[in-house]
Amino acid sequence: MSSRNAPPRSADGARGTGGDGTFYESGGDLPAVSKRQDAEELHAQNQRFIAAVENMSHGICMFDANERMIVCNGHYMRMFGLIPEIMRPGITLFDILQHSVDVGIAAVTAADLYAERKAFIEKREASSYSETLADGRIITISHRPMDDGGWVSIYEDITERRLGETAMEEQNRRFDAALSNMSQGLLMFDAESKLIVRNQRYLEIYGLEAGQQPLGATHRDVTQVLVGNGIYHLETVDQIVTSVREAVAAGRTLTVHRELADGRTIHVTHRPMAGGGWVASFEDVTESRRVEASIRHMAHHDALTDLANRLTFAKRVEQALAQCRQERRPLAIFSIDLDRFKAVNDTLGHPVGDKTLQAVAARLRASIREGVDTAARVGGDEFSVMLVGMDRAGADRWARRLIDSISQPYTFDGHQVGIGASVGIALAPEDGLDLERLVKNADLALYRAKQESHGGHRFFEAQMDANRRLRHALEIDLRDALSRHELELFYQPVMAIRTGGIGGFEALLRWRCPIRGLVLPNDFVPVAEDTNLIVPIGEWALLQACAEAASWPTGLLLSVNVSAVQFRRGNFAETVLSALRTTGLEARRLELEITETVLMDHSEAVLQTLRQLREMKVRIALDDFGTGYSSLSYLRKFPFDRLKIDRSFTVEIDRAGTAAIVSAIVGLGEQLGMAVTAEGVETARQLALMRAAGCTDA
């Protein structure tokens, strides 16, 4: 290789020296002693130079004007993996580059490397560039030209530094990305309370420009902008700055909710940092707080009417009762049930029903004192009200006004709605001083009010509780009456008034209880209906009556009363058909008696069932005609076979007004092709008057 050639002599005749410390003789005509002294001095200088070069932390290589290496240090050769025996003084730059290729350290060819170096050599000016080796290391090369045309190259391995810089750049990039994509605003202050970090979200939250909150601004400056612009309007700059400074100095986190002038709420947290300073985060929690408030409200209020719910009502009554016990201050509990509301749902639909409930709630809310009394929806069409400081006389007046208010007509989407209300009242302290007892007593009073007449109110009486216990005992015994074969059917004759002949019989249900004796329907049927026991009892009665009637002469009809509860099940027509098939009774000999209550509940479904029965040839009678609210309207919807005049008209048939009503009903029946039967005829005079009025049967 060319590195084996002797190095050129310098201008004074001395040869160069390599990294091995070898001297090359100099020529000239100096005396021998002088020459020896110069040689020794030169050798000493050379040793000092070599020591300096070898102890450099960078690699170094010096070239003359002919691109031949004058000297290099061991760090340079180790950096590039070069072999010392080859790296002798005098080796050319190109051979060094080829050597680096041969040892596998260079990432490109020697020609490419030489072309890159040549460009810097020819510039004849100081310059620096970097080179990536085949093993991935990065070397910075500093090129320094010398006056004689040669140059010095200094090599530094910057791989670790570059990796660190890259890692730092990546970390900064990620930090910037995190700041930019945070949902929270963020500010960072140093130990001197100066702003050193700020993200875009912070500016967006407060509607600020970057110039209004520049880096380097103090915390006071930042706060001054927020207060000065009216964004923070409830606190002063001093109040805010002082509270933050004290928290940071104590090393504790400060969390506050800032209410902004525009109605928004910002959750602000100041967290101290190790070594001084703190980080402040800002989150717009307006919507989340609204949702939380809504959830809390929903947990305590009825979703449809926005009145208090059952839980809230109970809590407020408990609180009022505690005060009542201490101060002997009275209060009244009202249980309210809407009358004829089911008919609204069934005829006009649930949307109108919901609007009706909302309108009732509005009238309830208007009738109480906000913050003192409580109105609640506790069921479908059931409401409860607590009036604080209300005595018996005041409760009576309030109940009358409420019933009158609720009974006023409502108009929704062109539909006029008419409903009523029944009210039960319990008073504290006389009717009890605990929640459960008062609510139970108000419910008992409501039950009595509904029994006596719709649209009325009743106060709780001690006898109501006794009656409740008796009713509960009756219910328990009634549950087993059917399985113990305690139920019986009696048959009451239906007489044709004109001929005096018997046209058929009405089946009457009786309960022969071992304890109570013979129990009449008025005493146990309401209980059976409330508990749905009327369904199996009614099916038994229908089957038994049909079986009995099948043995009668073919001209006799059988009348069976049907409860509204049986119709609600939706399969009543199938039940009737099954009874007829099982007993063999002809359908035309069966007459089912229904009341207006049946038609009020689920009227469309009921009418469909009635049509199915009519298609089976079963006769339908409208019982208790003249006592309901809408009897005439139901006659338009369905062609009944018979009208049965309620016994209350029979009892008062001697009165001129009653006789006129009976005659009108008979005339209506004749016009519609319906037979008219008078119920409860017990005397010859009643029979004569009903015959005179035109009734067909009694």
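Check the entry above for the structure.
An account of the accompanying structure is given in this report. (Residues numbered from 1 in each chain as written. Predicted model: local features only at pLDDT ≥ 70, side-chain atom pairs only at ≥ 80, totals over all residues. Heavy atoms only, no water.)

## Quick look at the overall build of the protein
How we decide: Helix and strand labels come from DSSP, where a helix needs a run of H or I of at least four residues and a strand needs a run of E of at least two; each type is numbered from the N terminus. Summary of the burial criterion: residues with accessible area below 20% of their type's maximum are buried, those above 50% are exposed, and those between are partly exposed, where the area comes from a 1.4 Å probe applied to protein chains only. Contact criterion: two residues are considered in contact whenever any of their non-hydrogen atoms come within 4.5 Å of each other. Areas reported here follow the Shrake-Rupley algorithm with a probe of radius 1.4 Å; residue values treat only the protein chains shown as occluding. For the charge count, each Lys or Arg is scored as positive and each Asp or Glu as negative, with His and the chain ends excluded. Charge positions are represented by NZ for Lys, CZ for Arg, CG for Asp and CD for Glu.
Along the protein, the regular secondary structure elements total 25 helices and 25 strands. Oriented by its inertia axes, the alpha-carbon framework of the protein measures out at about 180 × 65 × 50 Å. For the protein, with 698 residues in total, the buried portion stands at 44%. Put simply, 55% of the contacts in the protein that link residues at least 6 apart link residues at least 24 apart. Here the protein has roughly 35,500 Å² of accessible surface; of this, 51% comes from carbon and sulfur atoms. Considering the protein, the positive charge centre built from 79 side chains and the negative charge centre built from 95 side chains are found 6 Å apart.

## Comments concerning helix H3 (residues 93–102)
Owing to its 3.6 residues per turn, the α-helix aligns residues three or four sequence positions apart on the same side. Along H3, the residues that are buried comprise Leu-93, Asp-95, Ile-96, Leu-97, His-99 and Ser-100. Taken together, the buried residues of H3 touch strand S1 (59–63), strand S2 (69–72), helix H2 (74–80), helix H4 (110–123) and strand S5 (151–157). Just downstream of H3, Gly-104 is the residue with a positive phi angle, here 85°.

## What about the packing of helix H12 (residues 350–366) against helix H13 (residues 392–407)?
Short version of the rule: Between N-to-C directions, angles cover 0 to 180 degrees, with each direction set by a line fitted to C-alpha atoms, over the stretch in contact for helices. Any angle that is under 35 degrees is reported as roughly parallel, and any over 145 degrees as roughly antiparallel; angles of 65 to 115 degrees are reported as roughly perpendicular and all others as oblique. Should the near helix be turned anticlockwise from the far one by less than a right angle, the crossing is left-handed, and should it be turned clockwise, the crossing is right-handed. In this classification, the charged set is Asp, Glu, Lys and Arg, the nonpolar set is Ala, Val, Leu, Ile, Met, Phe, Trp, Tyr, Cys and Pro, and all remaining amino acids, among them Gly, are polar.
Contact pair H12 / H13: the axes reach a minimum separation of 10 Å and the direction vectors enclose 150°. One way to sum up the angle between H12 and H13 is to call them roughly antiparallel. Crossing angle aside, the handedness with which H12 passes H13 is right-handed. Contacts from Val-360, Arg-363 and Leu-364 of H12 reach H13 at Trp-398, Leu-402, Ser-405 and Ile-406. Each residue belonging to the contact of H12 with H13 can be placed in one class, and the counts come to five nonpolar, one polar and one charged.

## Remarks on the environment of Ala-445
Secondary-structure assignment places Ala-445 in helix H14 (residues 435–452). You can call Ala-445 buried: its relative accessible area is 0%. Distance in space between the C-alpha atoms of Ala-445 and Gly-353 is 26 Å, their sequence separation being 92 residues. With sequence-adjacent residues up to four places away left out, Ala-445 is seen in contact with Gly-424, Ile-425, Arg-458, Phe-459, Phe-460 and Met-464.

## A short note on the environment of Arg-258
Rule in force here: For this analysis, a polar contact is any N or O atom pair within 3.5 Å, provided that within protein one partner can donate a hydrogen and the other can accept it, and provided that sequence-adjacent residues contribute only side-chain to side-chain pairs.
Within the secondary structure, Arg-258 is located in strand S8 (residues 254–259). In the structure, Arg-258 is positioned 122 residues away from Gly-380 in sequence and 42 Å away in space, judged by C-alpha atoms. The residues contacting Arg-258, other than those within four sequence positions of it, are Tyr-232, Glu-235, Ile-240, Ser-243, Arg-264, Thr-265, Ile-266 and Val-268. Side-chain polar atoms of Arg-258 contact the side chain of Glu-235, separated by 2.2 Å.

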